[in-house]
Amino acid sequence: MKKVTFFKYQGTGNDFIIIDNRQNNFDKKDTHTIARLCDRKFGIGADGLMLLENHDSLDFTMVYYNADGNESSMCGNGGRCLVSFAQYLGLVQDSASFEATDGVHHANLFDNGQVSLQMSNVPVVQVFDGYVFTNTGSPHHVQLTDNVDHTDVFTQGRHLRNEVYGKEGANINFVEPQGGNLFKVRTYERGVEDETLSCGTGVTAVALAMHSTQQTSTNEVQLLTPGGDLKVSFQPTPQGYENIWLTGLAVQVFKGEIDV
């Protein structure tokens, strides 16, 4: 057993374990340990675990694992939290560039604790009868509901995640328009296999879906999640959407040590 120093961060209630792995001391293949650390009863507890690693030309590399211990696709709130952590380490000041599983991202940090993260371009938003599907770094299903507060997100989300999208799955977002450019969102996340208080790639998908289906005409959308408020801005193009930015708070909760 060895002690590992970790940091706990949250971005609008989406919480993460973050480890500085620039010395490559953490065993990235040990999915059992990663899952145990994320377990809320037997470990630290988190929606996911991230490693900050060196990069040859950018500020750092982001490596992200779901709570089940498996390396996963892009996490928007996680990316914002990792940028805040990089600032804490002194690696960046008011801006950052890093590589994640879906490519290079840029970010800006503000004095009020807000972090704005540039997401990958989205070339395709597929509009179906009753729902929208798109990939904003992670795959997302978006559907409207009349009363999101009373929607059984766990049961309905688990069904759609498994029965419609199979083994690979997708994240499932339920949306209730609040008027204008304001939408209330709840998300069931694959890998966590439960509702999370917020999902960065999820609200990004919601914003693009709402614009694609003419639920809003603005290029800046406000999202209300159970964990807090997020903003997504974007530029529509004939090839989809680009210049997409996800903005919200990223907060360090605590620092600790744990045996692994």
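Let me begin by describing the structure that accompanies this report. (Residues numbered from 1 in each chain as written. Predicted model: local features only at pLDDT ≥ 70, side-chain atom pairs only at ≥ 80, totals over all residues. Heavy atoms only, no water.)

Here's the deal with the overall build of the chain
For the chain, the helix and strand inventory stands at four helices and 17 strands. Against the 2.2 N^0.38 benchmark of 18 Å for 260 residues, the chain shows a C-alpha radius of gyration of 17 Å, consistent with a compact globule. If you line up the chain on its principal axes, its C-alpha atoms span 50 × 35 × 30 Å. For the chain, with 260 residues in total, the buried portion stands at 53%. (Helix = DSSP H or I, 4+ residues; strand = E, 2+ residues; numbered from the N terminus. Rg over C-alpha atoms; globule rule 2.2 N^0.38 Å. Buried < 20%, exposed > 50% of the residue type's maximum accessible area, 1.4 Å probe, protein only.)

Focus on helix 4 (residues 200-212)
Under the 1.5 Å per step criterion, the end-to-end length of helix 4 is 18 Å for 13 residues, consistent within 8% with the ideal 18 Å. Among the 13 residues in helix 4, 12 count as buried, and that is most of the element. Of the residues making up helix 4, those classed as buried are G200, T201, G202, V203, T204, A205, V206, A207, L208, A209, M210 and H211. Directly beyond the C-terminal end of helix 4, a positive phi value near 60 degrees is found at Q214. (Expected span 1.5 Å × (residues − 1).)

Focus on the environment of H105
Position of H105 among the secondary structure elements: in strand 6 (residues 103-109). Spatially, the C-alpha atoms of H105 and S120 are 7.3 Å apart, while their sequence positions differ by 15 residues. Excluding its chain neighbours within four sequence positions, the residues that come into contact with H105 are M74, A96, S97, F98, A100, L117, Q118, M119 and S120. Side-chain polar atoms of H105 contact the backbone oxygen of Q118, separated by 2.7 Å. (Contact = heavy atoms within 4.5 Å. Polar contact = N/O pair within 3.5 Å; in protein donor to acceptor, adjacent residues only side chain to side chain.)

Description of the pattern of salt bridges
Under the definition given, this model contains nine salt bridges. Across the salt bridge formed by R40 and D15, the nearest N and O atoms sit 2.8 Å from each other. Of this pair, R40 sits in the loop between helix 1 (31-38) and strand 3 (48-53) while D15 sits in strand 2 (residues 14-20); the two residues are 25 residues apart in sequence, bridging distant segments of the chain. On the accessibility criterion, D15 (9% relative accessible area) is buried. Among the salt bridges present, the one from R22 reaches D20, with a minimum N-O distance of 2.8 Å. Given the relative accessible area of 26%, R22 is considered partly exposed. Beyond isolated ion pairs, a larger network of salt bridges with shared partners links K8, D15, R40 and D47. (Salt bridge = Lys/Arg side-chain N within 4 Å of Asp/Glu carboxyl O.)

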